[in-house]
Amino acid sequence: MAKITASVYTSHVPAIGAALDLGKSGEPYWQPVFKGYDFSKHWMVENKPDVIFLVYNDHATAFSLEMIPTFAIGTAAEFTPADEGWGPRPVPVVQGHPELAAHIAQSVIQQDFDLTIVNKMDVDHGLTVPLSLMCGQPQAWPCPVIPFAVNVVQYPVPSGRRCFELGKAIRKAIESFDKPLNVQIWGTGGMSHQLQGPRAGLINREFDNAFLDQLIADPEALASKPHIDYVREAGSEGIELVMWLIARGAMADVAGGPAPKVAHRFYHVPASNTAVGHLILENK
Ligand code: DHB
Ligand code: FE
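Residues numbered from 1 in each chain as written. Chains lettered and ligands numbered in written order. Predicted model: local features only at pLDDT ≥ 70, side-chain atom pairs only at ≥ 80, totals over all residues. Heavy atoms only, no water.

### Points about the overall build of the chain
Then step 1. For the chain, the count of helices and strands is 10 helices and 10 strands.
Then step 2. Rg of the C-alpha trace for the chain: 17 Å, near the compact-globule value of 19 Å for 284 residues, within the 12% margin.
Then step 3. Here the C-alpha coordinates of the chain stretch approximately 45 × 40 × 40 Å along the principal axes.
Then step 4. Scored against the burial criterion, the 284 residues of the chain give a buried share of 58%.
Then step 5. For the chain, the exposed surface amounts to about 11600 Å²; the carbon and sulfur share of it is 54%.
Then step 6. Positive and negative charge centroids in the chain, built from 21 and 29 side chains respectively, lie 5 Å apart. (Helix = DSSP H or I, 4+ residues; strand = E, 2+ residues; numbered from the N terminus. Rg over C-alpha atoms; globule rule 2.2 N^0.38 Å. Buried < 20%, exposed > 50% of the residue type's maximum accessible area, 1.4 Å probe, protein only. Areas by Shrake-Rupley, 256 points an atom, 1.4 Å probe, with all protein chains shown as cover. Lys, Arg positive; Asp, Glu negative; His and termini not counted. Charge placed at Lys NZ, Arg CZ, Asp CG, Glu CD.)

### What about helix α1 (residues 14-21)?
Then step 1. Counting buried positions along α1 gives six out of eight residues, so the element sits mostly inside the fold.
Then step 2. For α1, the complete set of buried residues consists of Ala-15, Ile-16, Gly-17, Ala-18, Ala-19 and Leu-20.
Then step 3. For α1, the elements touching its buried residues are α2 (31-35), α5 (125-135) and β10 (274-282).
Then step 4. Downstream of α1 by one or two residues, Gly-23 has phi in the positive range, about 70°. (Contact = heavy atoms within 4.5 Å.)

### Some points on unusual backbone geometry
Then step 1. Going from Tyr-155 to Pro-156, the amide bond is cis rather than trans, its omega being 5°.
Then step 2. Its place among the elements puts Pro-156 in the loop between β7 (145-150) and α6 (160-174).
Then step 3. With an omega dihedral of -5°, the bond running from Gly-190 to Met-191 counts as a cis peptide bond.
Then step 4. Here Met-191 shows up in the loop between β8 (182-188) and α7 (205-217).
Then step 5. Look at Ala-60: it is not a glycine, yet its phi comes out positive at around 60°.
Then step 6. By the element assignment, Ala-60 lies in the loop between β2 (51-56) and β3 (71-74).
Then step 7. Of note, the phi angle at Asp-112 is positive, near 80°, even though the residue is not glycine.
Then step 8. Counting through the fold element by element, Asp-112 comes out in the loop between α4 (98-110) and β6 (116-118).

### Some details on the site of ligand 1
Then step 1. Around ligand 1 sit His-12, Val-13, Pro-14, His-59, His-125, His-193, Leu-195, Glu-240, Ser-272, Asn-273 and Thr-274, and those are all the residues in its vicinity.
Then step 2. Between ligand 1 and the protein, one listed contact pairs an oxygen atom with a side-chain N or O atom of His-125 at 2.9 Å.
Then step 3. The contact in question runs from an oxygen atom of ligand 1 to an N or O atom on the side chain of His-193, over 2.9 Å.
Then step 4. Per-class residue counts for the shell around ligand 1 are three nonpolar, seven polar and one charged. (Near = heavy atom within 4 Å. Polar contact = N/O pair within 3.5 Å; in protein donor to acceptor, adjacent residues only side chain to side chain. Nonpolar A, V, L, I, M, F, W, Y, C, P; charged D, E, K, R; others polar.)

### Focus on the coordination of the iron ion (ligand 2)
Then step 1. Here the iron ion (ligand 2) is held by the protein donor atoms His-12 (NE2), His-59 (NE2) and Glu-240 (OE), which lie 2.1 to 2.3 Å from it.
Then step 2. Within one chain, the residues donating to the iron ion (ligand 2) are spaced in sequence as H-x46-H-x180-E. Taken together, the residues span a long stretch of sequence, with His-12 in the loop between β1 (3-10) and α1 and Glu-240 in the loop between α9 (227-234) and α10 (242-249) at a distance of 228 residues.
Then step 3. Its relative accessible area of 3% is what places His-12 among the buried residues. (Donors = N, O, S within 2.8 Å, 3.2 Å for Na, K, Ca; no water.)

### Section: helix α3 (residues 38-46)
Within an α-helix, residues lying three or four positions from one another point in the same direction, as the helix has 3.6 residues per turn.
Then step 1. Buried within α3 we find Ser-40, Trp-43 and Met-44. Along the axis of α3, the buried positions cluster into a sector of 100°, meaning they face one direction only. Opposite the packed face of α3, turned more than 90 degrees from it, sit the exposed residues His-42, Val-45 and Glu-46.
Then step 2. Looking at the buried positions of α3, the neighbouring elements they touch are β1, β2, α5, β8, β9 (261-271) and β10. (Arc of directions from axis to C-beta.)

The structure is reproduced here in structure tokens:
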């Protein structure tokens with residue numbers, strides 16, 4: 001059977017992608033950001049998954065106000081990088097895993113979550129920046145990726161509770177797939193940031209670090225945090241953090257297993273307008 005071996009959490013700041021692609025990662029501003037991922041790149045080599053289930057949000061690249069799926073699973077064989085602003089990043093095309101993705105869609109929909117099935121989708125910095133941070137600049141990404149897009153851009157957005165419950169359903173789905181695949185689940189976006197309005201530039205270190213503590217130790221309680229608390233405390237784009245609860249809900253301890261091992265934890269301000277947070281949790 002397939003197994004979830006670890007979960008990874010990371011911010012997706014687009015300027016990080018631009019810094020990498022333009023060869024600026026060694027500059028004094030960026031160096032401390034990338035240093036936080038040195039461990040992670042080695043860890044990825046030593047713990048190479050067969051598939052990454054990557055929870056992220058689209059930023060009006062694949063979807064627009066014309067169509068707003070709350071939860072969308074990418075079932076295609078490949079996904080082309082695209083982006084607003086800086087344009088498509090010069091990164092490898094993302095290979096999908098249609099067979100596992102179709103199985104997850106079947107299982108999760110039968111567990112009463114209404115997923116949108118997307119057979120053609122471009123992927124933006126929300127997906128490619130986490131891959132770059134964890135894998136560097138390879139000719140090809142190390143394994144297939146199943147993109148799972150969550151609407152955290154256009155209201156109404158899903159609650160942390162629903163995201164956490166969805167994570168549990170995704171775990172059941174993956175672990176009922178009849179092939180011995182090593183699957184990682186990644187939750188991306190965040191941490192505190194606000195890109196617009198009078199509070200643009202908001203960062204809340206205290207909130208972010210308390211979120212990391214609770215995500216590790218008591219995700220069930222964290223799941224009951226109402227969305228308005230994210231917006232008030234972590235800024236309008238801080239709501240991206242509910243996506244981390246999907247990955248956390250898929251970990252073994254939530255289903256009665258042992259607590260995960262914290263393999264790595266990192267927090268840094270600033271990167272563009274955003275507080276960068278990063279965690280790696282291993283199932284034991
Ligand atoms: C920034 C952060 C984001 O999450 C995003 O989608 C766009 C920009 C920023 O920090 O500049
Ligand atoms: Fe974003």
